[in-house]
Amino acid sequence: MIRPGKMLRQVLKSIFKKPATTKYPFVKATMPDRFRGKLKFYPERCIGCKMCMRDCPAGAIEIVKVGDKAFECYIDLGKCIYCAQCVDSCMKKALESTKEFELAALDREKLKIKYDAKPGEVPKE
Ligand code: SF4
Ligand code: SF4
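Participant: Describe in detail the overall build of the protein, supporting the description with residues and values.
Facilitator: Scanning the protein from N- to C-terminus turns up three helices and five strands. Of the regular secondary structure in the protein, the N- to C-terminal order runs α-β-α-β-β-α-β-β. For 125 residues, the compact-globule estimate of 2.2 N^0.38 gives 14 Å, and the protein exceeds it by more than 25% at 22 Å. Along the longest, intermediate and shortest principal axes, the C-alpha atoms of the protein span 75 × 30 × 25 Å. Across the 125 residues that make up the protein, the buried fraction comes to 26%. Within the protein, residue pairs in contact and separated by at least 24 positions form 72% of the contacts whose partners lie at least 6 positions apart. For the protein, the separation between the mean place of its 27 positive charges and that of its 16 negative charges on side chains is 12 Å.

Now the structure itself:
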């Protein structure tokens with residue numbers, strides 16, 4: 001058993017020590033560069049090869065052809081384990097992990113994301 005004197009010393013030391021935790025959510029957390037958060041889809045780059053679907057261990061991603069060279073992407077964030085295997089498998093860099101991590105929802109249906117086949121902003125490589 002810890003002696004009261006020693007315990008008091010530890011308590012006093014802890015009071016003046018810098019906290020080990022952060023003040024999230026009051027202070028926005030910054031994620032490291034290689035963080036694997038919510039996925040982003042770039043329809044302009046997708047060729048519909050479905051390698052991402054084949055390699056996804058959670059069955060969380062689906063690519064659907066909606067026109068000539070036009071593909072929609074469906075991702076179920078409730079199933080996704082954020083492994084980024086789909087990002088690695090995509091030879092066309094049509095998928096990207098973002099730093100977005102605040103994805104909690106009360107309704108699981110809201111975790112099913114649809115990315116349209118519309119052209120969006122393509123990042124510089
Ligand atoms: S996102 Fe990439 S891997 Fe998936 S179908 Fe499109 S090109 Fe293929
Ligand atoms: S990050 Fe992993 S689990 Fe999520 S869609 Fe991609 S391959 Fe599937």
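We are not done yet, so read on.
Participant: Summarise the packing of aromatic side chains; cite the residues concerned and give the values.
Facilitator: A full pass over the atoms with the stated rule returns three aromatic pairs. Seen from their ring centres, Y24 and F101 are 5.8 Å apart, and the 45° between their planes marks the pair as tilted. Of the two residues, Y24 sits in the loop between α1 (4-16) and β1 (39-41) while F101 sits in the loop between β4 (95-97) and β5 (112-115), which places them 77 residues apart along the sequence. Taking the centre distance of 6.3 Å and the plane angle of 80° together, the rings of F35 and F101 count as edge-to-face. With F35 in the loop between α1 and β1 and F101 in the loop between β4 and β5, this pair connects stretches of sequence that are 66 residues apart. Look at F101 and you get partly exposed, because its relative accessible area is 29%. Between R45 and the ring centre of Y42, over which it is positioned, the NZ or CZ distance is 5.2 Å.

Participant: Would you mind going over the site of ligand 2 in detail, with residue names and values included?
Facilitator: Neighbouring ligand 2 are the residues L39, C56, P57, A58, I61, C80, I81, Y82, C83, A84, Q85 and C86. Split by residue class, the shell around ligand 2 holds eleven nonpolar, one polar and no charged.

Participant: Explain the side chain of E72 to me, using residue names and the numbers behind them.
Facilitator: When you line up the elements, E72 lands in strand β3 (residues 70-76). One polar contact links E72 to Y74, side chain to side chain, over a distance of 2.8 Å. Non-local contacts of E72, meaning those with residues more than four positions away in its chain, are made with F41, E62, I63, V64, V66, K114, Y115, D116 and A117.

So, how was this worked out
- Residues numbered from 1 in each chain as written.
- Chains lettered and ligands numbered in written order.
- Predicted model: local features only at pLDDT ≥ 70, side-chain atom pairs only at ≥ 80, totals over all residues.
- Heavy atoms only, no water.
- Helix = DSSP H or I, 4+ residues; strand = E, 2+ residues; numbered from the N terminus.
- Rg over C-alpha atoms; globule rule 2.2 N^0.38 Å.
- Buried < 20%, exposed > 50% of the residue type's maximum accessible area, 1.4 Å probe, protein only.
- Contact = heavy atoms within 4.5 Å.
- Lys, Arg positive; Asp, Glu negative; His and termini not counted.
- Charge placed at Lys NZ, Arg CZ, Asp CG, Glu CD.
- Phe/Tyr/Trp six-rings, centres within 6.5 Å; stacked < 30°, edge-to-face > 60°.
- Lys NZ or Arg CZ within 6 Å of the ring centre and 35° of its normal.
- Near = heavy atom within 4 Å.
- Nonpolar A, V, L, I, M, F, W, Y, C, P; charged D, E, K, R; others polar.
- Polar contact = N/O pair within 3.5 Å; in protein donor to acceptor, adjacent residues only side chain to side chain.

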